[in-house]
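Listed below are the residues making up each chain.
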Amino acid sequence: MKELRIATFARGSTTKQTSKGKAKKASLNRKTSAREISLEDDLPLQKDSIREFINSQPELSKGIKWIMTDLEYIEAGVSAFHTHVSKRKGLNQAFDDAKAGLYDILVIYKLDRFGRRSVESLNHALKFLKHCRIWVVDKKREFTNNGDADEILNFIEFWSARKSSVDTQIRVTDAMQLIHKEGYWTGGNPPFGYINHPELSNMLQVVPHEAETVREIYKMYTTDGFGMLKIAGILNEQNIKTKSGNDWNSGIIRKILRNTVYKGYLSYGKTKTTDGEFGSYQKYTKDGEESVSGKYWSEYDIVGEETWAKAQKIRHSRVKTNSLFGGKTPSKSQTGQGLLVGLLKCECGSNMTRGSSRDWLNHKRTEKGELYGTYRCLKRIKAGAAACGASKGQYKCADLDATVIKTVKDYMQNMVTADMLCEIKKKSAQTAQVLAEKLKSAKQEIEHWTKVKNKSNDELRKFLIGEASEFNREQLTELYEEAVRELERATRAYSQLQASTKSKTLDEASLMKLKRLIDDWNGIFSNATIEIKRRMIAAVVSEIRLNGTDVDVEIAFDYAGYIDSVP
């Protein structure tokens, strides 16, 4: 009789599905469970079902005996919808062990334990099939991918798992919005100045000393004329901490200044879930996108309607339209003049920004000299000299600019004498090869979605002409629509890669242009605008680190970026 080694995999989206989570819930409810709970045992229901299934020996009639191993892979409190497979430690360990040949069959409770991210999760499951077999307990069958019928069925199953997560998310969001519209707190971490009410659910309670800090923030902003960065620095110097015990920054101040709760109105939807390359994340919404409840709570009102409205007027007046970035960006007239802003790092590791200063011309300090530019440490501005710790936190722009320009000029001159174009040509060829592989992968994705679209369309035609189909019509319709959308996305991604290939690789004509631009670097730079000079330096330098009087310029020549930097 043939013997095969068995490993198991179990996953729970929340800790409530674990024994530890159930024990915690019982503790919070002040109730003692009649059923004994082992704190060492995670996801007991899934594990019990898996063990039962393995003990039933489903392949014994074929002369195959399953032998249980010690390999148990557990993921407790891991969302397969919000978490990218690259961050799934348990699943990745199971895959590595399968590649190493440590087991023959992986048994899972449900196929959606692999993930709820449709194509991504399906592709990961198919990778396992190259190294081991997979059996699914709730289906009481083996997961296979043999032929077109299997391919469509598997895709529908993973796609349905994703849709189930999306539907759950929508239901929860709708429920939260209903509570919000009625004017009640929907739960979660309360804003600075409040705590969750100790006796009443869906209510907040003001924290007096935090409320006083909120009033001081609004006073500094609306009356004293201080900016968000300066307010954060003052609070840090006073050793006042945020609700989480951290230092203040301009982002936290901005959230306080725009939150309607401080004038007595709760708001909902300040963040929205956004899908990223490595899972979903919360993105802060723009002004006016959140929903504000119509119910006024006098007990929540800390600053009053008039002060809050004044803060919004000031906030909007300090933002101007910037066509370069296609939207609204803060007005930073001094930063725009800084040749090295974005590259310059203080000794403490913080970024440097541009400011201006004047020197006293006499010991009585009655007369100042001419205005000159300075680079200043952002951490020192926000949290004080002690937080920065550097021996020097301010440098004259003219001195640093001259040092960096000389370093870049010498580097470009060395490139001319050393004939570095041959090396650049080699790197360009390597880049072209990497992009070609990405284009190949993108083309395969287009082919995949084209295949899904065509197959689902073929199955839908069977319904139209009255033929039988093994698939559900509603699911096929939604699958077809999903394939159309994904095909459009994949096609756009392919086009972007094609454009990137043109911009990041050099043909002979581009190489000749690059040679001319390197030969004439000094002349081009001398006659360029501030913005072009910044781009020219950024194409050659990746970072500039300061250490007292020492300046360390790190060279990383982006030749394609350099060509683009010069009109």
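Scope of this entry: the structure provided in the associated data block. Predicted model only: the values in this text are computed from it and were never measured.

Quick notes on the environment of Gly-227
Part 1 of the reasoning: Considering the arrangement of structural elements, one finds Gly-227 in the loop between α6 (208-222) and α7 (228-237).
Part 2 of the reasoning: Judged by its relative accessible area of 25%, Gly-227 falls in the partly exposed class.
Part 3 of the reasoning: Each C-alpha atom, one on Gly-227 and one on Arg-318, is 9.5 Å from the other, the two residues being 91 residues apart in sequence.

Focus on the nonpolar core
Part 1 of the reasoning: Formed by 38 residues in total, the largest nonpolar core has its most connected members in Leu-340, Tyr-375, Met-412 and Tyr-562.
Part 2 of the reasoning: Going through the elements one at a time, β16 (372-377), α12 (397-418), α15 (508-519), α16 (521-526), α17 (530-538), β18 (541-547) and α18 (559-565) are the ones with two or more residues in this core.
Part 3 of the reasoning: With 6 residues, α12 is the largest single contributor of residues to this core.
Part 4 of the reasoning: Residues contacting Tyr-562, with those up to four places away along its chain left out, are Met-412, Leu-514, Leu-517, Ile-518, Trp-521, Met-536, Ala-539 and Phe-557.

Examining helix α3 (residues 89-99)
Part 1 of the reasoning: Within α3 the residues assigned to the buried category are Gly-90, Leu-91, Ala-94, Phe-95, Asp-97 and Ala-98. For α3, the angular spread of the buried residues around the axis is 165°, confining them to a single face.
Part 2 of the reasoning: At the C-terminal side of α3, Gly-101 shows a positive phi close to 75°.

Thoughts on the sheet that holds strand β17 (residues 394-396)
Part 1 of the reasoning: As summarised here, the arrangement of the 3 strands in space is β15-β16-β17, forming an open sheet in which the pairing is antiparallel. Across the chains shown, the open sheet's two edge strands, defined by having one partner strand only, are β15 (352-357) and β17. Mean inter-strand twist for the sheet, computed between neighbouring axes without regard to direction, equals 35°.
Part 2 of the reasoning: Bridging between β15 and β16 involves 6 bridges; their strand directions are antiparallel. Considered in β16, the bridge of Arg-354 is made with Tyr-375.

Things to note about the packing of α6 against α7
Part 1 of the reasoning: Running from amino to carboxyl end, α6 crosses α7 at an angle of 140°, the nearest separation of the two axes being 10 Å. The angle between α6 and α7 falls in the class oblique. α6 and α7 meet at a crossing whose hand is right-handed. Contacts between α6 and α7 involve Thr-213, Ile-217, Met-220 and Tyr-221 from the first element and Met-228, Ile-231, Ile-234 and Leu-235 from the second.

Comments concerning the packing of aromatic side chains
Part 1 of the reasoning: Tallied over the full model, the rule gives 12 aromatic pairs.
Part 2 of the reasoning: Aromatic side chains Phe-53 and Trp-66 sit 5.9 Å apart centroid to centroid with 65° between the ring planes, which places their arrangement in the edge-to-face category. Note that Phe-53 is positioned in helix α2 (residues 44-55) and Trp-66 in strand β2 (residues 64-76), a separation of 13 residues in sequence.
Part 3 of the reasoning: Here Phe-53 falls in the buried class, since its relative accessible area comes to 8%.
Part 4 of the reasoning: Looking at Trp-66, the relative accessible area reads 3%, which means it is buried.
Part 5 of the reasoning: Grouped by ring-pair contacts, the aromatic residues Tyr-194, Tyr-218, Tyr-262, Trp-297 and Tyr-300 constitute a single cluster.
Part 6 of the reasoning: The ring of Phe-226 carries Lys-230 above its face, with NZ or CZ at 4.5 Å from the centroid.
Part 7 of the reasoning: The side chain of Lys-368 reaches across the aromatic face of Trp-360, ending 4.9 Å from its centre.

Rules of the game
- Residues numbered from 1 in each chain as written.
- Predicted model: local features only at pLDDT ≥ 70, side-chain atom pairs only at ≥ 80, totals over all residues.
- Heavy atoms only, no water.
- Helix = DSSP H or I, 4+ residues; strand = E, 2+ residues; numbered from the N terminus.
- Buried < 20%, exposed > 50% of the residue type's maximum accessible area, 1.4 Å probe, protein only.
- Core = buried A, V, L, I, M, F, W, Y, C linked by side-chain atoms within 4.5 Å.
- Contact = heavy atoms within 4.5 Å.
- Arc of directions from axis to C-beta.
- Pairing = 2+ DSSP bridges.
- Axes fitted to C-alpha atoms, helices over the stretch in contact; angles between N-to-C directions.
- Parallel < 35°, antiparallel > 145°, perpendicular 65-115°, else oblique.
- Left-handed = near helix turned anticlockwise from the far one by under 90°.
- Phe/Tyr/Trp six-rings, centres within 6.5 Å; stacked < 30°, edge-to-face > 60°.
- Lys NZ or Arg CZ within 6 Å of the ring centre and 35° of its normal.

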